[in-house]
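Listed here are the chains, written in short residue letters.
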Amino acid sequence: MLVTTQPIAASHTPSHASSSLTSAVSSGRWTAAVPRRRQHSNTRRTVSKISCKRVSLVDAGTGEARVLTIEPPEKLKTTVVLKARVTDYDLSFFVETGEEKTTGQIEAKYVSNKDDFYTFEASIKVSGSFGTVGAVRLDNDHEREMFIKDVTVFPDGDESDAVSFHCESWVIDNEKNFNDDRRVFFPLKSYLPSQTPEGLKTLRQRELETIRGSGYGERLAIDRIYDYDVYNDLGDPKTTNLLRPVLGGSKELPYPRRCRTGRNKTKNVNGEFTEVRVSDNYVPRDEAFSEDKQQAFTTKFILAGLHALEVLKVLKDREASFPSMAAIDALFEDGFKNMPAPEEGGTVAGYIFSVIKDSVFDILKGDFAGMKHMLDKILDFETPEVHQSTLQIGIHFLTGFRALESEFPIVSQLDEETYGPRESLLTKQLIEEQINGVMTAEEVREIKEFCFFFHLKTYKIYCIVLTYWGNKTNQFFQNFSQAIKNKKLFMLDYHDALLPYVNLVRELSESRDNNVNTTLYGSRTLFFLTKDGTLKPIAIELTRPKNKKTGKLQWREVFTPGGSVTDSWLWQLAKTHVLAHDTGYHQLINHWLRTHCCVEPYIIAANRQLSQMHPIYRLLHPHFRYTMEINAQARVNLINAGGIIENNFSPNKYCLELSSVVYRDFWRFDMEDLPNDLIRRGMAVRGKDGKLELTIEDYPYANDGLLIWESIKEWASDYVNHYYPTAKDIVDDEELQGWWTEVRTKGHADKQDEPWWPTIDNHENLVQVLATIMWITSGHHAAVNFGQYPFAGYFPNRPTIARKNIPLEMGRQGMKELVENPEKVLLDTLPSQQQALLVLVTLNLLSSHSPDEEYLGTHVEPAWTAERGIRSAFDKFQVRMRDILDQIDEWNEDPRRRNRHGPGVVPYTLLRPCDGNPFDEKSEMEMGIPNSISI
């Protein structure tokens, strides 16, 4: 079906005689047939793929828009030629023309092939008065589904006057699959709803209704329906240990919504209805990974998984600790040769190699040599950028800060009857003792070790307003009252967030049924900002709440660097616990919740409410690529009950429940943009001139991030101003208003009545909303994700879980063990061999860029090139991103910036824009900022 918006004859045939139009479809691939019904969970992975790069339609004439029927052969005709390139010449490809009641079909014929793509061509006769082509409907009569890249239509023999359709979508055989979703595509020109040509209005509305679906029935792999549901599929209702509460739909455990699958539900013992778990969650068909992405993702996961999991087979004890710190180092240097040998003899490394070779050989059908390089790389974990044998806390990844200002004494907000005394042991006197006096060379060294690989990252920076009065002897403070004027003390606070889970987590270890060995504390950590701009940790408070079941009273202790050997070991162990808290919070909140989880409702609402030809849909679309697919996979293997996160991160089975509580108590859309996030955490203030002033001048995440944020916001502003001349245009855009309303009332339904939701009623508010979403999906996600393996791959630096209570809590026996063998106590506190290996595999995968990644400032949507004003705005955006790249490179070479330059200091490149070919870079961190949350 070709939909006209204007008469064609006026520009092509002055006499209104017959004329020709040419349509081309290109670049296709296919694999296997689509089943009529989803028989098993792997359907989406085996359907056929035909990637078509081009189908063209012509723009011609002026006049009233309308939908026209192709006339019978005996009347005046215009010819439309369809060209398609696919990898199988035995393909019937149809362009259907006409109105809903009367249609005509033309079969596409094979023409040629180039670069593994076959070109098909079809000619369609239309009346001489046919108008400008405003839409095309493509029917697939082949047994395999086809992926249509784009379409161009033009008068036969004249491709200079073409109308382009960027499709990027799968097309199935509707009859064979019992599906009435007839695929219609629109041209590159964007239209607000009020500007839609008359001939397209019905199709535009019908397309949106199709995508929304009915809200009933189970979704099939071939569907492209977007709808909402709560997180009721994380646990297993049939297994007691794997029961998990439903997240979303309640005041106690609110949560953003996910994509609805429509699977059958089972009532668990708690009376909640939860979905039956499957190995492959539904996502709308066009949200699935591309062939290249899926292949790279699966290959890396399988090989890395084989590497770790086969090692685990030789371990007698799942809770076995590493025998020494040297054995941990050997993990990255010499494979696993220093680990215990398997019972049957031989080295572990040799055993692993034989297992992987046997496992992969069948897959590759003998092509083992071609994978040898990959396997060699897998056998030895790649050495992370930060690889040291000392536990570190620093400013790259600390994610638990918020501003306290002058709130002394520090007091918990939790119930004293339930958890014990509220006032912290981090008193004014203790703080003065730690920050007064002369800094020794040893203390300077500790600052660098402790702070060196984390860049004060995100969420909850507790800035206590202190200052110092330095002199030649490095005297920091005269007294506390003078110190309160400037922000020099920071607190990493996981006290109130984790304390409610301490007894629950410890009960897991005490129960034989759970097979869990872990522990937990509530924690507060104080840092002092030194003259050189680095952070010195000065005190850690660990707390165990009172337990009404056992009668135990609250236990808490403050640890400081100290001067004795025993104090130094206790300080090291305290840091291990804090790092485990911070790592878990980083993964669950700053990574999963604030990016993956909270963004999915924006994607669902955009597809349901914004037409494909809406300019805002086309602005946001590259920022939504692959997110729903990676989230669906995470619900199967990563964040599910008994999954990788629960088994290897704090607070174990309560990980996702914790993210729900943080969402309830802290998440606000209006605080998700970078400037407001920094201000909320006390890391920045607005000066009298309105400009943002950072609390820490050398704060790489904020320094680089603010440049990216301003660039994104300027690009969004230019884009909005192009399409919305007045505020009234924004208010009157029913699709835009419907999208934002649905984000609030359905996607984030549990928070829909909060007063802080912005109203999209002017340019400033719309730009702020769009820039926030674009920042979260690009810059924020890149900063929290792609540094995970480089900075935390050497897991003593960032342990994901702590398994042993600190010796002071354990009393005389615990201190005796520490004195006799302090390294063993530390190794028993760190993750087990099994946990460490699984986490390494996971972080290695999560920190990887896919081969078809699209990067911020380099990827250009075809629709952006269709209008000169938008193309010009994007060109300006590109120039600014290149300038930012140069600025970041300059900062990384500046010796005054101690948090990103110096001996042993890793340059901060997580927010460095893409520079040419990303795969030419030395590190994953330098490859650029992906547009979307695709991993």
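Just above, that's the structure.
Being a predicted model, the structure only gives us computed values, none of them experimental.

*Asks:* Got a sec to walk through the overall build of the chain? Specific residues and values, please.
*Replies:* For the chain, the count of helices and strands is 28 helices and 24 strands. Counting all 935 residues of the chain, 60% fall into the buried class. A total of about 36000 Å² of accessible surface is found on the chain, and carbon and sulfur atoms cover 48% of it.

*Asks:* Quick one: what's the story with the packing of helix α13 (residues 565–609) against helix α15 (residues 627–637), residue by residue and with numbers?
*Replies:* Across the interface, α13 lies against α15 with an axial gap of 10 Å and an inter-helix angle of 125 degrees. The pairing of α13 with α15 is recorded here as oblique in orientation. Read as a crossing pair, α13 and α15 show a hand that is left-handed. Listed contacts from α15 to Trp592, His596, Cys597, Val599, Glu600, Ile603 and Ile604 of α13 are Thr627, Met628, Ile630, Asn631 and Ala634. For the contact of α13 with α15, the residue count by class is eight nonpolar, three polar and one charged.

*Asks:* Before we move on, can you summarise the packing of aromatic side chains with the specific residues and values?
*Replies:* Summed over all chains, the structure comprises 26 aromatic pairs. With a centroid separation of 6.0 Å and an interplanar angle of 20 degrees, the aromatic rings of Phe669 and Trp757 are classed as stacked. On the criterion of sequence distance, the pair formed by Phe669 in the loop between α17 (655–665) and α18 (674–680) and Trp757 in the loop between α21 (734–747) and α22 (763–785) is long-range, its members being 88 residues apart. Take Phe669 and Trp757: they sit in the same class, and that class is buried. Joined through ring pairs, the aromatic side chains of Tyr231, Tyr255, Trp592, Tyr602, Tyr663, Trp667, Phe669, Trp739, Trp740, Trp756 and Trp757 make up one cluster. Over the aromatic face of Tyr663 sits the side chain of Lys751, whose NZ or CZ is 5.3 Å from the ring centroid.

*Asks:* So, helix α9 (residues 428–435): which residues are in play, and what are the values?
*Replies:* For α9, the complete set of buried residues consists of Leu430, Ile431 and Ile435. In a view along the axis of α9, the buried residues occupy a sector of 120 degrees, so they form one face of it. Relative to its buried face, α9 has exposed residues pointing more than 90 degrees away, namely Gln429 and Glu433.

*Asks:* Any details on the environment of Ile708? Residues and values, ideally.
*Replies:* Within the secondary structure layout, Ile708 lies in helix α19 (residues 700–723). Taking relative accessible area as the criterion, Ile708 reaches 0% and is therefore assigned buried. Residues Ile708 and Met881, 173 residues apart in the sequence, show an inter-C-alpha distance of 7.5 Å. Beyond its immediate chain neighbours, meaning those up to four positions away, Ile708 contacts Trp775, Leu856, Met881, Ile884, Leu911, Pro913 and Ile929.

*Asks:* I'd like a rundown of the pattern of salt bridges, residues and numbers included.
*Replies:* Opposite charge on two side chains makes pairing possible when the charged atoms of those side chains draw close. Taken as a whole and assessed by the stated rule, the structure comprises 44 salt bridges. As a salt-bridge pair, Glu275 and Arg258 come within 3.3 Å of each other at their nearest N and O atoms. Pair noted here: Glu275 is in strand β17 (residues 273–275) and Arg258 is in strand β15 (residues 258–259), with a separation of 17 residues, a long-range link. In this structure, Glu275 and Arg258 share a single accessibility class: buried. For the salt bridge of Asp732 with Lys728, the shortest nitrogen-to-oxygen distance reads 2.5 Å. A relative accessible area of 41% means that Asp732 is categorised as partly exposed. Overall, Lys728 belongs to the exposed group, its relative accessible area being 56%.

Calculation rules
Residues numbered from 1 in each chain as written. Predicted model: local features only at pLDDT ≥ 70, side-chain atom pairs only at ≥ 80, totals over all residues. Heavy atoms only, no water. Helix = DSSP H or I, 4+ residues; strand = E, 2+ residues; numbered from the N terminus. Buried < 20%, exposed > 50% of the residue type's maximum accessible area, 1.4 Å probe, protein only. Areas by Shrake-Rupley, 256 points an atom, 1.4 Å probe, with all protein chains shown as cover. Axes fitted to C-alpha atoms, helices over the stretch in contact; angles between N-to-C directions. Parallel < 35°, antiparallel > 145°, perpendicular 65-115°, else oblique. Left-handed = near helix turned anticlockwise from the far one by under 90°. Contact = heavy atoms within 4.5 Å. Nonpolar A, V, L, I, M, F, W, Y, C, P; charged D, E, K, R; others polar. Phe/Tyr/Trp six-rings, centres within 6.5 Å; stacked < 30°, edge-to-face > 60°. Lys NZ or Arg CZ within 6 Å of the ring centre and 35° of its normal. Arc of directions from axis to C-beta. Salt bridge = Lys/Arg side-chain N within 4 Å of Asp/Glu carboxyl O.

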